[in-house]
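Single-letter residue listing:
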Number of protein chains: 2
Amino acid sequence: MAIPTSDDAKMVIVVRADLKLSKGKTAAQAAHAAVNCAFASKKKDPRTFDKWFAEGQKKVVLKVQDLKQLYEIKAMADASGLVNSLITDAGRTEIEPGTVTCLGIGPSTDSMLDKITGDLSML
Amino acid sequence: MAIPTSDDAKMVIVVRADLKLSKGKTAAQAAHAAVNCAFASKKKDPRTFDKWFAEGQKKVVLKVQDLKQLYEIKAMADASGLVNSLITDAGRTEIEPGTVTCLGIGPSTDSMLDKITGDLSML
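The paragraphs below set out a description of the structure included in this document.

The rules behind the values
Residues numbered from 1 in each chain as written. Chains lettered and ligands numbered in written order. Predicted model: local features only at pLDDT ≥ 70, side-chain atom pairs only at ≥ 80, totals over all residues. Heavy atoms only, no water. Pairing = 2+ DSSP bridges. Helix = DSSP H or I, 4+ residues; strand = E, 2+ residues; numbered from the N terminus. Contact = heavy atoms within 4.5 Å. Axes fitted to C-alpha atoms, helices over the stretch in contact; angles between N-to-C directions. Buried area = accessible area lost by both parts, 1.4 Å probe. Salt bridge = Lys/Arg side-chain N within 4 Å of Asp/Glu carboxyl O. Polar contact = N/O pair within 3.5 Å; in protein donor to acceptor, adjacent residues only side chain to side chain. Parallel < 35°, antiparallel > 145°, perpendicular 65-115°, else oblique. Nonpolar A, V, L, I, M, F, W, Y, C, P; charged D, E, K, R; others polar. Buried < 20%, exposed > 50% of the residue type's maximum accessible area, 1.4 Å probe, protein only. Disulfide = S-S within 2.5 Å.

## Notes on the sheet that holds strand β2 (residues 59–64) of chain B
Residue and element names in this part refer to chain B. Spatially, β3-β4-β1-β2-β5 is the arrangement adopted by the five strands of the open sheet, whose pairing is mixed. Single-partner strands in this sheet number two, and they are β3 (84–88) and β5 (121–122). As paired elements, strand β1 (residues 9–16) and strand β4 (residues 100–109) share six bridges and run antiparallel to each other. By the bridge assignment for β4, A9 is matched with T109. Lying over the sheet, helix α1 (residues 23–44) contacts β1, β2, β3 and β4, oriented at roughly 40° with respect to β4.

Structure (C-alpha cells):
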C-alpha cells in the first residue's frame, strides 16, 4: 500500500466510551498509549516518528462504544502493519484491574489512519 | 537532596482546570506532556526512566486552578532539577492558539514529586 509522503503524520488514541472514565483517568490511559506508541515507532519506523515529532506530534483522541469495537480497530491496525499499543489499566482506581481502556495507533499518515479510524467520533 | 531509592517512580501531569477542556482534549494535552517528559527523562536520567518504565510507567493526573498556579509548580520543578515539559496547545479546537494547558513532571520518585504536587487534587 503506497503511503503518500505529503500526508501529515498523526497518532490516534482510541478510548472506550462505555467505561465512562473520569477526565483524569482518561488522560492517564491516553498518556500510557502515547508513550508506548512513541517509543515503539521510534524503533520500528524512525522516519515517520521523526516527521511526526518535528511537526508537533499531532494526536487525535477518538472513541469506540465498547471492547469489541476496540479489538476490531486493533485487528485492522495490525493487518495494516501499524505500530499500536493496547492499554490495560493497573486498576488502582475507578475500574477493575486488567480492564482494557484504550488503544494507541501510529504515528502514521492521516490517510493510513483514516482508513481504520475515519468513522470514529472525537471523544 | 537525598532521593530514597526504595521510592516508586511516577510521572505527574498537572492540568489547568480553569480551561474546562473536554475529556478528549485533556487526554491529548496530557499525552503530549507524557511523551515529551519520557524522551527528555530517558536522555537526562536514564536510570530513573528505566525504573519507571519497568514498573509500568505510573502516571498521576492532577489539577491546578489557573495558569499562575501552573507556573508556580513549574518553577518548583525547575528549582528541584526535575525534567518537566510545559504544553502549549496548537489551538485547532476549543481554545486560543498558544494557550498553555498542562505541565508534565518526571518521572521521579514519589517523595520528590509530592514535595511539589502533594497538595494538588486529582483531575
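## Regarding the interface of chain B and chain A
Tallying the contact residues gives 28 residues for chain B and 28 residues for chain A. Summed over both partners, the interface of chain B with chain A comes to about 2100 Å²; 72% of that surface belongs to carbon and sulfur atoms. When residues of chain B are sorted by the area they lose upon contact with chain A, K23, V35 and F39 of chain B head the list and together hold 28% of the total. Linking chain B with chain A are zero salt bridges, by the criterion used here. The interface formed by chain B and chain A includes six residue pairs in polar contact (both at pLDDT 80 or more).

## Section: the packing of α1 of chain B against helix α2 (residues 46–54) of chain B
All names here are of chain B. Their axes nearest at 6 Å, the elements α1 and α2 cross at an angle of 130°. As far as their axial angle goes, α2 and α1 are oblique. Along the contact surface, α1 presents A38, S41, K42, K43 and K44, while α2 presents P46, F49 and W52. Considering only residue class, the contact of α1 with α2 consists of four nonpolar, one polar and three charged.

## Quick word on unusual backbone geometry
Residues and elements named next belong to chain A. At the junction of G106 and P107, the peptide bond is cis and its omega measures out at 10° in the coordinates. In this structure, P107 sits in strand β4 (residues 100–109). Look at K20: it is not a glycine, yet its phi comes out positive at around 50°. For K20, the position within the fold is in the loop between β1 (9–16) and α1 (23–44). K20 sits in the exposed class, given a relative accessible area of 67%.

## Some details on the state of the cysteines
In this structure the tally under the stated criterion is zero disulfides over all chains. The cysteine C102 of chain A is free of any disulfide, with C37 of chain A supplying the nearest cysteine sulfur at 9.0 Å.

## Looking at the side chain of T26 of chain B
Following the sequence through the fold, T26 of chain B ends up in helix α1. Within the structure, the side chain of T26 of chain B is placed 2.7 Å from the backbone oxygen of S22 of chain B, a separation counted as a polar contact. Residues contacting T26 of chain B, with those up to four places away along its chain left out, are K23 and A27 of chain A together with V15, L21 and L123 of chain B.

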